[in-house]
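The lines below spell out each chain.
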Amino acid sequence: MHDVMLLGLLLTAIAIGFGLGIRYAARRHRQAPTAPPSQLSREYFVGLNYLLNEQPDEAINTFISALDVNSDTVDTHIALGKLFRTRGEADKAVSIHQNLLARPALSHGTNERIQLELARDFIALGVHDRAQRLLHSLLEQSTDDERRYAAKQLLVGLLEREREWQTALEVIQPLLKQHPGMRRPASHWLCELAIEEIQQSSRALAKKHLKKALLLDERCIRATLLLADLEMDNGHYGRAIERLDHIPEQDGAHIPTMLPTLQRAYSRNDDIAGLEKHLYSLLGQAPYTSVIVMLGELIHQRDGVDTAIELTGNWLRDAPSLGGLDYLLDLYVESQQLSGRTAPDTRLSLLKYHTDALLKDRPRHQCRRCGFTSDALAWQCPSCRRWGTIKPITGVEGE
Ligand SMILES: [Zn+2]
């Protein structure tokens, strides 16, 4: 709908432009009656006719072929190119932008703007090598900071797709001071490099990358998690726990993400009492369902089902959630079985049927920027391609 409105606005703008041109031509005509009739007016009416017959593509083509490229109209051409690209017709955008670049009279700045648009068209078409070549040549010639930054952003976007993390870091390194927003993606590229090093058993190098990632973005919990994993691999469970202890202050929303590693570290350290204490402290910070369930399960294993029901029920009273209710129902069913009743309580089974159905296929993670949801945690959002924006869904229906 937005697309259609934009198209309408652009065409109206072009039509007004032509209208003015015709009036100007008519005025000149009055002043000089021997001048030939304007060629523009015929194409204007042909275009208008297409527009009225709801043939917007033909209308645009006619207007474009009639519209002179000069400093007044070049923005309209660029806007039309963008419009085609957003409509999924990047091939038409390419021909508009290439046609513009063929004009010799363009200013240096305009030429570079069009090259950027053309690179975006190539990316949309999936012709990444052409986009890369264009961006490299633009970076060689351009001295404009803003356009250089835009070109580098497009280039690192392509390098990310190719998983060329080191090259992406080299491209963006000189800009980190001026553009702190790039520190987060760069910290994730370092995490990616660390994972590659871990796969090649170069743990020391991996650790170096991860520490650098935390220097770039102190809230990079992915680096903290990977550092904790490295400590675990070396059998340093206490150190792994110390690392994980930073996560609530780095980003409290990721407490559910770190719980499995935390549990593993304490169990390997044979310190279940330590895990219980740790979970109570996390519960005091934020009563996430996953913390409540993990703590409830510890109580369940140690003190039996009825104590677990009592404590879990109390915690859930302050922080009700679907997942918590589902866990509590499991405990009730078990308690009922233990009490020796032969016939199961159908009311409990019915409630459990509903919580199961509500929890089934429920996404567990969501991008805080674009709303994309997924079951697994991805560090780069597949939809908006931002890094570190996907987090566990918490609250009544969440973790
Ligand atoms: Zn997103």
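By the naming in an unreviewed UniProt entry, the chain goes by Lipopolysaccharide assembly protein B and is assigned to Halomonas citrativorans. In its Function (unreviewed entry) section, the UniProt record describing the chain reads: "Modulates cellular lipopolysaccharide (LPS) levels by regulating LpxC, which is involved in lipid A biosynthesis. May act by modulating the proteolytic activity of FtsH towards LpxC. May also coordinate assembly of proteins involved in LPS synthesis at the plasma membrane."

Ideal geometry at a metal centre gives angles of 109.5 degrees when four donors are arranged tetrahedrally and 90 or 180 degrees when six donors are arranged octahedrally. Taken together, Cys-367 (SG), Cys-370 (SG), Cys-381 (SG) and Cys-384 (SG) make up the protein donors of the zinc ion, found 2.3 Å from the metal. Bound by 4 donor atoms, the zinc ion shows angles of 103 to 116° at the metal and therefore tetrahedral coordination geometry. All donors of the zinc ion belong to a single chain; written as a sequence motif, their spacing is C-x2-C-x10-C-x2-C. With Cys-367 in strand S1 (residues 365-367) and Cys-384 in the loop between strand S2 (373-374) and strand S3 (390-392), this pair connects stretches of sequence that are 17 residues apart.

Quick look at the side chain of Ser-335 now. Within the element layout of this structure, Ser-335 appears in helix H19 (residues 322-338). A relative accessible area of 17% means that Ser-335 is categorised as buried. Aside from chain neighbours lying at most four places away, what touches Ser-335 is Val-305, Asp-306 and Ile-309.

Now for the nonpolar core. The nonpolar side chains of soluble globular proteins are, as a tendency, buried together. Counting 80 residues, the largest nonpolar core has Trp-189, Leu-262 and Leu-279 as the members making the most contacts within it. Beyond its immediate chain neighbours, meaning those up to four positions away, Leu-262 contacts Ile-241, Leu-244, Leu-275, His-278 and Leu-282.

Quick look at the sheet that holds S1 now. Spatially, the 3 strands line up as an open sheet ordered S2-S1-S3, and their pairing is antiparallel. In this open sheet, the two edge strands, each paired with only one partner strand, are S2 and S3. In this structure, S1 lies alongside S2, joined through 2 bridges in antiparallel fashion. Of the residues in S2, the one forming a bridge with His-365 is Ser-374.

On to helix H6 (residues 108-125). Between its first and last C-alpha atoms H6 spans 26 Å; for 18 residues at 1.5 Å apiece the expected length is 26 Å, and the two agree. Considered for burial, the residues of H6 that qualify are Thr-110, Glu-112, Ile-114, Gln-115, Leu-116, Glu-117, Leu-118, Ala-119, Asp-121, Phe-122 and Ile-123. Just downstream of H6 lies Gly-126, where phi reads positive at about 85°.

What follows covers the pattern of salt bridges. Going through the model one piece at a time under the given rule, you end up with 24 salt bridges. Arg-222 serves as the salt-bridge partner of Glu-192, at 3.0 Å between the closest nitrogen and oxygen. One end of the pair, Glu-192, is in helix H10 (residues 183-199); the other, Arg-222, is in helix H12 (residues 221-233), and 30 residues separate them in sequence. The partner of Asp-303 in a salt bridge is Arg-302, and the shortest N-O contact between them spans 3.0 Å. Overall, Asp-303 belongs to the partly exposed group, its relative accessible area being 37%. Salt bridges sharing common partners tie together Arg-85, Glu-117, Arg-120 and Asp-121.

This part covers the UniProt feature "binding site: Fe cation" (unreviewed entry) in the chain. Mapped onto the present numbering, the UniProt feature "binding site: Fe cation" (unreviewed entry) falls on Cys-367, Cys-370, Cys-381 and Cys-384. The largest pairwise C-alpha distance within this set of annotated residues, which runs over 18 residues, is 8.6 Å, so the set is compact in three dimensions. On the basis of relative accessible area, Cys-367 is assigned to the buried category, the value being 2%. Setting aside chain neighbours within four positions, we find Cys-367 in contact with Phe-372, Cys-381, Cys-384, Thr-389 and Ile-390. Along the chain, Cys-370 turns up in the loop between S1 and S2. Judged by relative accessible area, Cys-370 falls into the partly exposed class, the value being 36%. Among all residues touching Cys-370, those that are not within four sequence positions of it are Cys-381, Ser-383 and Cys-384.

Mapped onto the elements, Leu-230 comes out in helix H12. Using a relative accessible area of 6% as the deciding quantity, one classes Leu-230 as buried. Separated by 32 residues in sequence, Leu-230 and Ile-198 place their C-alpha atoms 8.6 Å apart. Discounting chain neighbours no more than four positions away, the residues touching Leu-230 are Ile-198, Arg-203, Ala-206, Lys-207 and Leu-210.

Turning next to the environment of Lys-92. Relative to the assigned elements, Lys-92 resides in helix H5 (residues 90-101). On the basis of relative accessibility, which here comes to 25%, the residue Lys-92 falls in the partly exposed class. Spatially, the C-alpha atom of Lys-92 lies 9.7 Å from that of Lys-82, the residues being 10 residues apart in sequence. Those residues in contact with Lys-92 that lie beyond four places of it in its chain are Asp-57 and Phe-84.

Our focus in this paragraph is helix H4 (residues 74-86). Helix length check: H4 (13 residues) gives 19 Å between terminal C-alpha atoms against 18 Å at 1.5 Å per residue, within 8%. Positive backbone phi, approximately 85°, marks Gly-88, located one or two places after H4.

Considering the arrangement of structural elements, one finds Ala-90 in helix H5. Since its relative accessible area comes to 4%, Ala-90 is described here as buried. Sequence separation between Ala-90 and Asp-121 is 31 residues, and the spatial gap between their C-alpha atoms is 5.3 Å. Non-local contacts of Ala-90, meaning those with residues more than four positions away in its chain, are made with Phe-84, Arg-85, Asp-121, Ala-124 and Leu-125.

Quick notes on the rules
Residues numbered from 1 in each chain as written. Predicted model: local features only at pLDDT ≥ 70, side-chain atom pairs only at ≥ 80, totals over all residues. Heavy atoms only, no water. UniProt positions renumbered as here; feature names shortened; annotations may be inferred. Donors = N, O, S within 2.8 Å, 3.2 Å for Na, K, Ca; no water. Tetrahedral: all angles 85-135°; square planar, octahedral: opposite > 155°, others 65-115°. Helix = DSSP H or I, 4+ residues; strand = E, 2+ residues; numbered from the N terminus. Buried < 20%, exposed > 50% of the residue type's maximum accessible area, 1.4 Å probe, protein only. Contact = heavy atoms within 4.5 Å. Core = buried A, V, L, I, M, F, W, Y, C linked by side-chain atoms within 4.5 Å. Pairing = 2+ DSSP bridges. Expected span 1.5 Å × (residues − 1). Salt bridge = Lys/Arg side-chain N within 4 Å of Asp/Glu carboxyl O.

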